[in-house]
Amino acid sequence: MTCQNFCVALLHWEFIYLTSAFNLAYPITPWRFKLSCMPTNTTYDFLLPTGISKNTSNLSEHYEAVVKAKLNSSTTYFSNLSSKTTFHCCFWSKEDKNCSVHADNIEGKAFVSTVNSLVFQQIGANWNIQCWMKEDLKLFICYMETLFKNPFKTYDLKVHLLYILPEVLDESPLVPQKGSFQIVQCNCSVHNSCECHVPVPTAKLNHTLLLYLKITSGGINFQSPLMSVQPINVVKPDPPLGLNMEITDAGNLKISWSSPTLVPFQLQYQVKYSENSSTYMRKADEIVSATSLLIDSVLPGSSYEVQVRGKRLDGPGTWGDWSTPLIFTTQDVIYFPPKILTSVGSNVSFHCIYKNENEIVSSKKIVWWLNLAEKIPPSQYTVVGDRVSKVTFPNLNATKPRGKFTYDAVYCCNQQECNHRYAELYVIDVNINISCETDGYLTKMTCRWSTNAIQSLMGSTLQLRYHRSSLYCSDVPSIHPISEPKDCHLQRDGFYECIFQPIFLLSGYTMWIKINHSLGSLDSPPTCVVPDSVVKPLPPSSVKAEITVKIGLLKIFWEKPIFPENNLKFQIRYGLNGKEVQWKMYEVYDAKSKSASVLVPDLCAVYAVQVRCRRLDGLGYWSNWSSPAYTVVMDIKVPTRGPEFWRIIKEDTTKKERNVTLLWKPLMKNDSLCSVRKYVVKHHTSRNGTWSEDVGNHTKFTFLWTEQAHSVTVLAVNSIGASFVNFNLTFSWPMSKVNTVQSLSAYPLNNSCVLLSWTLSPSDYYLMYFVTEWKILNEDSEIKWLRIPPSVKKYYIHDHFIPIEKYQFSLYPVFMEGVGKPKIINSFTQDDIEKHQNDAGLYVIVPIIISSSILLLGTLLISHQRMKKLFWEDVPNPKNCSWAQGLNFQKVPFSIFLTQNIERTFFEV
């Protein structure tokens, strides 16, 4: 029973809190430190053998071995130890010579743990602790891990962190109340290690944070002494970003990186790198304040590995974590840069180091080729040291794609020997036109641009960037270092469209297109736009069009748009309404004008009219065309003339009366201007005077001719009035007997044309015109008639004539005094029909004969030349023949030529 009580006492643990002096809080260091809890009257070095330093790894291994031994032999201490042992917990680090113990009496100068555990009474407990502030300056982190693992690996480890952060910077209470501490539970998910997170407001980064730890492991409780820290002094930066290695123009290796963006102070960086080649190996570790490091004398065929971490440059701080290792390998032929992306018209240079069989070639022996097809002139070479050669390409043109290759290959060669590796040169035409337009309400500006004019590069992205100046544009637009991106959307027509809203009308918007690629970025030439200068006004409103009465002009009315307030000029287009309007243009430069008149040829047609406007000073754009307005056909003036008319006379011999029927054709719109409401026949006789008869819209009127002379006039009447110019016809019995036409002939040329000719006898009467009638003989067919000028003696009548029919032709001379006696024929003239037909045929035959003669003559000339070459090609020139030397060919008989030729032929055979 006694043994059971003793064992229960050994397994029962109790934790006691005592009071501590907070003004003696342990200052947390930027480096790692240790929390040690040991029994009273036990030195902190009793566990360390001679020759073992107080570092983490040695202490952990040795401590773990000691714990095992104590556990295995714990029974030997049962009779010698009391049931309760007091533990003192303190901090120490590799910079400290003594442990910081602050507990000597019961008054409370240190936290003391009382533990009923035989094992911990012998060996105590130790932890590694490190605290830091994250780079985002929002979270304070404390990380701890135990120095012994195996004895307690089956126990649950629980850690709580208690902290207080004063509201005021200089607030430092000597004895904070126990209840004033806030508590956070630490994450101990990882075995034997825990991580505690404390949120810190940005405004309290310089305040003093007081904290201590409560640790529970296997049912045993420990409490650390009080710690203090200013979070700003233990900031741990994130690893540097964008670690990169490249070869400089001088042939050195440049290591560069980007500083973390959230750090509020300048950093220093630790760079460790290694170089490994077939003939050389080295390692180095350097601390720099810049974001780059230069390594001399890069070697072809070498491998480089580098890592970087950061720490606060001025003041306390914690080294951040190392960046991910970056490995850079150089080839036997090094091009730097290996690829260049540039724009048309620029100058670029490549550098090269050539290694041949473990030996670097002298830069003076290096030659350059383009696409292995064009040797680059030596005038473009530059020697940069003994190993580095440089070639420069001036005023570059755009690269022409060759199949799937969108670049030019630049080769560095050892005289006539070239390595298969090459550098890539991309040259792009970045002249992109950006056009902008401000809407008529002056509320937004739309900018458009297309990439059709430039060569697309795989993997590239395009972005419109702009900078807005306070007022107007500079004389020479330039790319501003401070700019903003603008979202642009691809439209169906292949253009990108960006909308600026709201806008500042008088500000200058300098914009350009940035082409981003992994090889670099290019900028198009900048353009500057003032929204007020690119306004596209709203179209004019209330557009109306009409043909003016009595004046006869096309008049257009409109209203100026409200915006912009600048003076505007107007452009009018008009045309006859139809499926395809043939537009004519007319411009109005009077800014105050709201109407315009245009002369048009056809006053009785429907015209379509549209109006648009633009700033009078030429800035901006034409507005859209207004909605079309249409004219309405209406009477403009009185008819220009009355209708032409003729008569048919039927004579009743028994009653000695003549019925006269007047015939006329309806007036066309151009003559009626633009319609005829009715026709009026005006009569005049010596007995009855003058009177008028309304005929309406009829084109035929019959009246009784009873007097010796009867004059009639037919008037056309529209809504404006009656025609002023009219045709008169006088019927006179004496004049009907005047015989002026002596002969009349009708010659049929074809079934659609008849030639009418006549002869006249002298007359004392004034001849005004002729009227010819024709109709099919022996049929009650319609009489057709034509007015013929008085000066002609021959006239072509175009109609549909039937060859087998007989026609009657009549020719009436019309005098001022009346209609004369007609000449009438009842058939075509037979005597000279063939003659006229032949005469007509001559106009066709003669040109054919002339053309044929010219063609025949040309053929003969060509044939003559060919025959001459065919038959006389081998005839020798006598002056070049030996047998003909000295002969006078004008006196020598032909037989000599024959004899000489026969002899020569026999000799040759």
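The residue count restarts for each chain, going from 1 along the sequence in the order it is written. In keeping with the model being predicted, local features are shown solely for residues with a pLDDT of at least 70 and side-chain atom pairs are shown and tallied solely at 80 or more, while totals for entire chains, interfaces and linings include all residues. Based on all heavy atoms of the structure, the side-chain values leave hydrogens and waters out of the count.

S.K.: Would you mind going over the overall build of the protein with me for this structure?
M.R.: The secondary structure listing takes helices from DSSP runs of H or I that are at least 4 residues long and strands from runs of E that are at least 2 residues long, numbered from the N terminus. Helices and strands together make up the secondary structure of the protein, namely six helices and 61 strands. Type-normalised accessible area, obtained with a 1.4 Å probe on protein chains alone, sets the label of each residue: buried when under 20%, exposed when over 50%, and partly exposed for intermediate values. Split into buried and exposed, the 909 residues of the protein put 42% on the buried side. Between two residues, a contact is recorded if the distance between any of their heavy atoms is within 4.5 Å. Across the protein, the fraction of contacts at a sequence separation of at least 24, relative to all contacts at a separation of at least 6, is 65%. Per-residue and other accessible areas were derived by the Shrake-Rupley procedure at a 1.4 Å probe size, with only the shown protein chains allowed to occlude residues. In the form shown here, the protein has an accessible surface area of approximately 51100 Å², with 52% of it arising from carbon and sulfur atoms.

S.K.: Is there a simple way to explain the sheet that holds strand β52 (residues 700-705) in this structure?
M.R.: Strand pairing in a sheet is mediated by backbone hydrogen bonds. Such pairs are either parallel or antiparallel. Strand order in the open sheet formed by three strands is β48-β49-β52, and the pairing between neighbours is antiparallel. Bordering the open sheet on either side are β48 (645-652) and β52, each of which pairs with just one other strand. Neighbouring strand axes in the sheet, compared pairwise and without regard to direction, differ in orientation by 20° on average. Sheet topology places β48 next to strand β49 (residues 657-664); eight bridges connect them, and they run antiparallel. Within the sheet, the bridge partner assigned to Arg647 lies in β49 and is Leu662. For two strands to count as paired, DSSP must find a minimum of two bridges between them. Note on definitions: angles span 0 to 180 degrees between N-to-C directions of axes, and those axes are lines fitted to C-alpha atoms, for helices only across the stretch in contact.

S.K.: Would you mind going over the pattern of salt bridges with me for this structure?
M.R.: When their charged atoms lie close together, side chains carrying opposite charge are able to pair. Salt bridges, as used here, are contacts in which a Lys or Arg side-chain nitrogen is within 4 Å of a carboxyl oxygen on Asp or Glu. For the coordinates displayed, the defined rule picks out 13 salt bridges. Here Arg615 makes a salt bridge to Asp617, at a shortest N to O gap of 2.6 Å. Taking relative accessible area as the criterion, Arg615 reaches 5% and is therefore assigned buried. Salt bridges sharing common partners tie together Arg448, Asp493 and Glu497.

S.K.: Can you help me understand the state of the cysteines in this one?
M.R.: Each disulfide consists of one covalent bond between the sulfur atoms belonging to two cysteines. When the sulfur atoms of two cysteines come within 2.5 Å, that pair is taken as a disulfide. Applying the stated criterion across every chain yields a total of nine disulfides. In this model, Cys131 is linked to Cys142 through a disulfide, with the two sulfur atoms separated by 2.0 Å. Negative torsions about the S-S bond denote left-handed disulfides, and the value of about 110° found for Cys131 with Cys142 makes this one right-handed. In this pair, Cys131 is assigned in strand β5 (residues 125-134) and Cys142 in strand β6 (residues 139-146), connecting sequence segments eleven residues apart. The class of Cys131 is buried, set by a relative accessible area of 0%. What pairs with Cys352 in a disulfide is Cys412, and their sulfur atoms sit 2.0 Å apart. As the torsion about the S-S bond is roughly -75°, the Cys352-Cys412 disulfide counts as left-handed. Here Cys412 lies in strand β29 (residues 408-414) and Cys352 lies in strand β23 (residues 348-356), a separation of 60 residues in the sequence. Both residues of the pair, Cys352 and Cys412, belong to the buried class.

S.K.: Would you explain the environment of Pro481 in this entry?
M.R.: Looking at where Pro481 falls in the secondary structure, it is placed in the loop between β34 (461-469) and β35 (484-486). Residue Pro481 is classed as exposed on the basis of its relative accessible area of 76%.

S.K.: Which parts of the structure should I look at to understand the sheet that holds strand β47 (residues 629-630)?
M.R.: What the four strands build is an open sheet, ordered β44-β43-β46-β47; its pairing is antiparallel. Across the chains shown, the open sheet's two edge strands, defined by having one partner strand only, are β44 (584-588) and β47.

S.K.: Honestly, a nonpolar patch on the surface in this entry has me stumped. Any pointers?
M.R.: A contiguous nonpolar surface patch, about 350 Å² in accessible area, is contributed by Tyr441, Ile562 and Phe563. Within the secondary structure layout, Phe563 lies in the loop between β42 (554-559) and β43 (568-576). For patch building, the residue pool is restricted to those with more than 30% relative accessible area and no salt bridge; the joining distance is 9 Å between like charges and 5 Å between nonpolar side chains (Val, Leu, Ile, Met, Phe, Trp, Tyr).

S.K.: Sorry, what's going on with the environment of Val632 here?
M.R.: Mapped onto the fold, Val632 is located in the loop between β47 and β48. Given the relative accessible area of 60%, Val632 is considered exposed. For the pair Val632 and Ala605, spaced 27 residues apart in sequence, the C-alpha separation works out to 8.1 Å.

S.K.: Any chance you could explain the pairing of strand β7 (residues 157-164) here in plain terms?
M.R.: Look at any regular strand and the pattern is simple: side chains alternate between the two faces of the sheet. For β7 and strand β10 (residues 209-217), the ladder comprises eight bridges, and the chain directions are antiparallel. Each residue of the ladder has a partner; that of Leu157, found in β10, is Ser217. Where β7 lies against strand β8 (residues 182-185), four bridges are found, and the strand directions are antiparallel. Opposite Leu162, over in β8, you have Ile183 as the bridge partner.

S.K.: Just checking my understanding: could you explain the side chain of Thr713 for this structure?
M.R.: Inspection of the secondary structure assignment puts Thr713 in strand β53 (residues 709-717). Within the local environment of Thr713, its side chain forms a polar contact with the side chain of Asn728, the two groups lying 2.2 Å apart. Pairs of N or O atoms within 3.5 Å make up the polar contacts considered here, provided that, within protein, one atom can donate a hydrogen while the other can accept it, and that residues adjacent in sequence are counted only when both atoms are side-chain atoms.

S.K.: Whenever I open this one, the packing of aromatic side chains confuses me. Can you help?
M.R.: Two aromatic rings are characterised by how far apart their centres lie and by the angle between their planes. Working definition: a ring pair exists when centres of Phe, Tyr or Trp rings (six-membered ring for Trp) sit within 6.5 Å. Plane angles under 30 degrees give stacked, over 60 give edge-to-face, the rest tilted. Applying the stated criterion across every chain yields a total of 27 aromatic pairs. Aromatic ring contacts, followed pair by pair, group Phe405, Tyr407, Tyr411, Tyr422 and Tyr426 into a single cluster. Charge-over-ring contacts are defined here by two conditions on Lys NZ or Arg CZ: a distance within 6 Å of the ring centre and an angle within 35 degrees of the ring normal. Sitting above the plane of the Trp132 ring, Lys236 keeps its charged end 4.2 Å from the centroid. Cation over ring: Arg787 sits above Tyr769, and NZ or CZ is 3.9 Å from the ring centre.

S.K.: Can you help me understand the nonpolar core in this one?
M.R.: A general feature of soluble globular proteins is that nonpolar side chains tend to end up buried together. What is meant by a nonpolar core is a set of buried Ala, Val, Leu, Ile, Met, Phe, Trp, Tyr and Cys residues, joined one to another through side-chain atoms within 4.5 Å. Counting 61 residues, the largest nonpolar core has Phe140, Leu161, Leu211, Leu213, Ile255, Trp257 and Val271 as its most contacted members. When residues of this core are assigned to their parent elements, the largest contribution, five residues, is made by β5. Dropping the residues within four chain positions of it, Val271 is found in contact with Ile255, Trp257, Ala284, Asp285, Glu286, Val288, Leu293, Val306, Gln307 and Val308.

S.K.: What should I look at first to understand the environment of Tyr273 in this one?
M.R.: Tracing the backbone through its elements, the reader meets Tyr273 in strand β16 (residues 267-276). Residue Tyr273 is classed as buried on the basis of its relative accessible area of 8%. Taking the C-alpha atoms as reference points, Tyr273 and Ile255, separated by 18 residues in sequence, lie 9.7 Å from one another. For Tyr273, the residues in contact, after removing those within four places along its chain, are Ile255, Arg282, Lys283, Ala284, Glu286, Leu293, Ile295, Glu305 and Val306. A distance of 3.4 Å separates the side chain of Tyr273 from the side chain of Glu286, its partner in a polar contact.

S.K.: Got a minute to help me understand unusual backbone geometry in this structure?
M.R.: Keep in mind that most residues, glycine aside, have a negative phi and that most peptide bonds are trans. Residue Phe563 is joined to Pro564 through a cis peptide bond whose omega torsion reads -10°. Looking at where Pro564 falls in the secondary structure, it is placed in the loop between β42 and β43. Put simply, Leu673 and Cys674 share a cis peptide bond, and its omega is 10°. Note on placement: Cys674 falls in the loop between α4 (669-672) and β50 (678-685). One non-glycine residue with positive phi stands out, namely Leu442, at about 60°. Tracing the backbone through its elements, the reader meets Leu442 in the loop between β32 (434-438) and β33 (445-450). Although it is not a glycine, Tyr472 sits at a positive phi angle of roughly 55°. Among the secondary structure elements, Tyr472 is positioned in the loop between β34 and β35. Among the residues examined, Tyr472 registers a relative accessible area of 43% and is labelled partly exposed.

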